[in-house]
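Each chain, written out:
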Amino acid sequence: MFGMLVVETIGKIRRLHEIEGLPIKAICRRLGVSRKVVRKVLRTGATEFRYERGEQPQPKLGAWRGELDRLLTENAGRASRERLTLMRVFEELRGLGYGGGYDAVRRYARGWQRARAAVSAAAYVPLSFAPGEAYQFDWSHEMVVMAGAAMVVKVAHVRLCHSRMMFVRAYPRESQEMVFDAHERAFAFFRGACTRGIYDNMKTAVEAILVGRDRTYNRRFLQMCSHYLVDPVACTPASGWEKGQVENQVGVVRERFFSPRLRVTNFEELNALLLDRCVAYARAHPHPELRDRTVWEVFEAERASLVRYTGPFDGFHAVPAAVSKTCLVRFDGNKYSVSASAVGRPVEVRAYAERIELRQDGRVVGEHRRVFGRGHTVFDPWHYVPVLASKPGAWRNGAPFKGWLLPGALERVRRKLAGAGDGDRQMVDILTAVLSDGLPAVEAACAEALREGVHSADVVLNILARQREPPLVATILTPEALRLRHEPVADCARYDSLRSSA
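Asker: So what's going on with the overall build of the protein chain? Residues and values would help.
Answerer: For the protein chain, the helix and strand inventory stands at 18 helices and 17 strands. For a compact globule of 502 residues, the expected C-alpha radius of gyration is about 23 Å, and the protein chain comes in at 42 Å, more than 25% above that figure. Principal-axis analysis of the C-alpha atoms places the extent of the protein chain at approximately 180 × 55 × 50 Å. Taking all 502 residues of the protein chain together, the buried fraction comes to 39%. Partitioning the intrachain contacts of the protein chain with sequence separation of at least 6 by distance along the chain shows that 57% fall at a separation of at least 24. Total accessible area on the protein chain is roughly 30100 Å²; 54% of this is exposed by carbon and sulfur atoms. Across the protein chain, the centroid of the 76 positively charged side chains sits 11 Å from that of the 57 negatively charged ones.

Here it is as structure tokens:
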């Protein structure tokens, strides 16, 4: 208000002198201002006067500036959660003997922060990318409510630099197999890849940072890039502006996709929702440079310039593991079963984003849906059926068989045999037949036995034996040296003569 009054007074002084021609003395008498003020306005021709103090006198703080600079520098170097408030800094300075007030410290600290920001401020050059030239990849951590419990999910972000089209997918981890899966799903959605991928120096991709742009990349990561014909480029450490588009995308996704907090039942529902929101956002928002077209329209045009999508990359993370005598392999804090034939020798665990594959000597000895957390045990009861042949007593209390629901007729036979004295042994015999005859044949034999009103193992095994094709009889060729020249002629008359004589 005071500033507006001063500017208004200056305008009145100028108009009274220039338009009405009043002398300085008359202007002073009419407006109630001093001659010094009127002369300054008329001589300078300025329409506004500002007072700026050249240097703030700080009689008490002056001797403590060095100590205050040290405290402010130490505080700025702390993590944001550990940083002290300015009042706490003032209290520490008081503890060292400073006798001045808080206002002087506050004013000095503001000037110190402005000077520090001016020194650290940086300028950037806007970047431009051709269609299909590059994409950017990054991770973020978001909070959701899944199955009624709040949890942090790891979100993979892929962004096409030309069209600004985004792809977002959530995972429980940031491990290498999740990186592979995110690329596979993103490129399948885009229907192609770019010639260059821009990354930060994440450990799942970069093993060593060398001089300049040189990096030692992980071998499996390079295999993935080779499969999709992508040239990987790693940013300078602590230089997020080199992949500023995806950094900006993280903030947009957090604000628009995850706020308010999402409530889902599982990752499948969450990822379906995120994909729908990516498409909806691209269809609704104009491209930042091509303002007459939406992001989706520019993305549709860019698809023709993408590197052709040739199919999925076998994106697993492999580690060796030992097999326990209970046919279990430990991986990532959980246990998975393998075939009984694999006991005693190590296996290779191939971890994918959603499944676990266990191999030994090139053959698959176990495959399970992957579980996360710790302390879980995942069984495939068929892995333990060969063990039942020698240990049938394990059928009743074996952990892999608890709650095992057998298919169709097998389950009905199991329930009927449960009341028999040797029902466990008979059921083990039927299950063991699956190893040689196959599950469809055994189930069909059980169904046939039930139609006949019987359910014993002997009947089921007999049906299986009758259904098996008889082995082919080998044809033996008689060598010429053993062939008879005069084949004997059958003459039953001699036997008739012996019978008549008797």
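Asker: I'd like to hear about the nonpolar core, residue by residue, with values.
Answerer: Counting 38 residues, the largest nonpolar core has Phe137, Met165 and Phe190 as its most contacted members. Listing elements by their share of this core, those giving two or more residues are β1 (134-146), β2 (149-160), β3 (166-171), α7 (176-190), α8 (219-228), α10 (267-284) and α11 (295-302). Counting residues per element, this core draws most heavily on α7, which supplies eight residues. Among all residues touching Met165, those that are not within four sequence positions of it are Val158, Arg159, Leu160, Phe189, Phe190, Cys278, Val279, Ala282, Val295, Trp296 and Phe299. Core analysis: the next-biggest nonpolar cluster, separate from the first, contains 29 residues, Val385, Leu406, Met427 and Val428 among them.

Asker: So what about the packing of helix α14 (residues 408-417) against helix α15 (residues 423-437)? Which residues, and what values?
Answerer: The N-to-C vectors of α14 and α15 enclose an angle of 160°; their axes lie 9 Å apart at closest approach. Classified by the angle between their axes, α14 and α15 sit roughly antiparallel to one another. Considering the relative orientation of α14 and α15, their crossing is right-handed. Mapping the contact onto sequence places Leu410, Val413, Arg414 and Leu417 in α14 and Gly423, Gln426, Met427 and Ile430 in α15. Within the contact of α14 with α15, the residues separate by chemical class into five nonpolar, two polar and one charged.

Asker: Which residues make up the pairing of β3, and what values go with them?
Answerer: The element β3 is largely enclosed, with a buried count of six among its six residues. Side chains Met166, Val168 and Ala170 project from β3 onto one buried face, and the interleaved Phe167, Arg169 and Tyr171 project onto a second face that is buried too. Note: β2 against β3, six bridges, orientation antiparallel. Across the sheet, Ala156 pairs through a bridge with Arg169, a residue of β3. Here β2 folds back onto β3, and the loop between the two strands holds five residues, one of which, Arg164, carries a positive phi near 70°.

Asker: Lay out a positive patch on the surface in plain terms, naming residues and giving numbers.
Answerer: Positive charge collects at one region of the surface, where Lys25, Arg29, Arg35, Arg39 and Arg43 lie side by side. Contributions of two or more residues to the positive patch are made by α2 (24-31) and α3 (35-44). Counting residues per element, the positive patch draws most heavily on α3, which supplies three residues. Mapped onto the elements, Arg29 comes out in helix α2. Exposure remark for Arg29: the relative accessible area of 62% places this residue in the exposed category.

Asker: Explain the pairing of strand β15 (residues 355-360) residue by residue, including any values.
Answerer: With four bridges joining them, strand β14 (residues 347-351) and β15 adopt antiparallel strand pairing. Of the residues in β15, the one forming a bridge with Ala351 is Ile356. Where β15 meets strand β16 (residues 363-369), six bridges bridge the pair, whose relative direction is antiparallel. Within β16, the position partnered with Leu358 by the bridge is Gly366. Here β15 hands over to β16 after two residues, with Asp361 in that stretch at a positive phi of 55°.

Asker: Report on the sheet that holds strand β17 (residues 377-378), specifying residues and quantitative values.
Answerer: Read across the sheet, three strands follow the order β12-β13-β17 without closing on themselves; strand pairing throughout is mixed. Strand pairing shows two members of the sheet lacking a second neighbour, β12 (328-331) and β17, which therefore form its edges. As defined by bridge partners, β12 adjoins strand β13 (residues 334-337) across four bridges and the pair is classed as antiparallel. Paired with Phe331 across the strands is Asn334, a residue of β13.

Asker: If you had to explain the sheet that holds strand β11 (residues 317-321) to someone new, which residues and values would you point to?
Answerer: If you trace the four strands from one edge of the open sheet to the other, you get β11-β14-β15-β16, paired in antiparallel fashion. At either margin of the open sheet sits one strand with a lone partner, and together these are β11 and β16. Going from strand to strand, the sheet's axes swing by 25° on average, the running direction of each strand aside.

Asker: Tell me about the pattern of salt bridges, residues and numbers included.
Answerer: Under the defined criterion, the tally for this structure stands at 28 salt bridges. Among the ionic pairs, Arg254 bridges to Glu142, the shortest N-O distance being 2.9 Å. With a gap of 112 residues between them, Arg254 in helix α9 (residues 244-256) and Glu142 in strand β1 connect regions that are remote in the sequence. Residue Arg414 pairs with Glu411 through a salt bridge whose shortest N-O separation is 3.7 Å. Highlighted residues: Arg414 and Glu411, both in helix α14, separated by three residues, approximately one helical turn. One network of salt bridges, in which partners are shared, links Arg169, Asp181, Arg185 and Glu354.

Asker: Quick rundown of the confidence of the model for the protein chain? Include the residues and the values.
Answerer: Detailed reading of the predicted model is not advised wherever pLDDT is low. The pLDDT averaged across the protein chain works out to 88; a share of 94% of its residues lies at or above 70. Across the protein chain, β3 holds the top mean pLDDT of 97, while helix α18 (residues 493-501) sits lowest at 76.

Asker: Describe the packing of α15 against helix α16 (residues 439-451), listing the residues and the values that go with them.
Answerer: Viewed as axis vectors pointing N to C, α15 and α16 meet at an angle of 135°, and their least axial separation amounts to 7 Å. When the axis of α15 is compared with that of α16, the two are oblique. Of the residues in α16, those touching α15 at Ile430, Ala433, Val434 and Asp437 are Leu439, Ala441, Val442 and Cys446.

Reading the values: rules and limits
Residues numbered from 1 in each chain as written. Predicted model: local features only at pLDDT ≥ 70, side-chain atom pairs only at ≥ 80, totals over all residues. Heavy atoms only, no water. Helix = DSSP H or I, 4+ residues; strand = E, 2+ residues; numbered from the N terminus. Rg over C-alpha atoms; globule rule 2.2 N^0.38 Å. Buried < 20%, exposed > 50% of the residue type's maximum accessible area, 1.4 Å probe, protein only. Contact = heavy atoms within 4.5 Å. Areas by Shrake-Rupley, 256 points an atom, 1.4 Å probe, with all protein chains shown as cover. Lys, Arg positive; Asp, Glu negative; His and termini not counted. Charge placed at Lys NZ, Arg CZ, Asp CG, Glu CD. Core = buried A, V, L, I, M, F, W, Y, C linked by side-chain atoms within 4.5 Å. Axes fitted to C-alpha atoms, helices over the stretch in contact; angles between N-to-C directions. Parallel < 35°, antiparallel > 145°, perpendicular 65-115°, else oblique. Left-handed = near helix turned anticlockwise from the far one by under 90°. Nonpolar A, V, L, I, M, F, W, Y, C, P; charged D, E, K, R; others polar. Pairing = 2+ DSSP bridges. Patch = residues over 30% accessible without salt bridge, like charges linked within 9 Å, V, L, I, M, F, W, Y side chains within 5 Å. Salt bridge = Lys/Arg side-chain N within 4 Å of Asp/Glu carboxyl O. pLDDT = per-residue confidence, 0-100.

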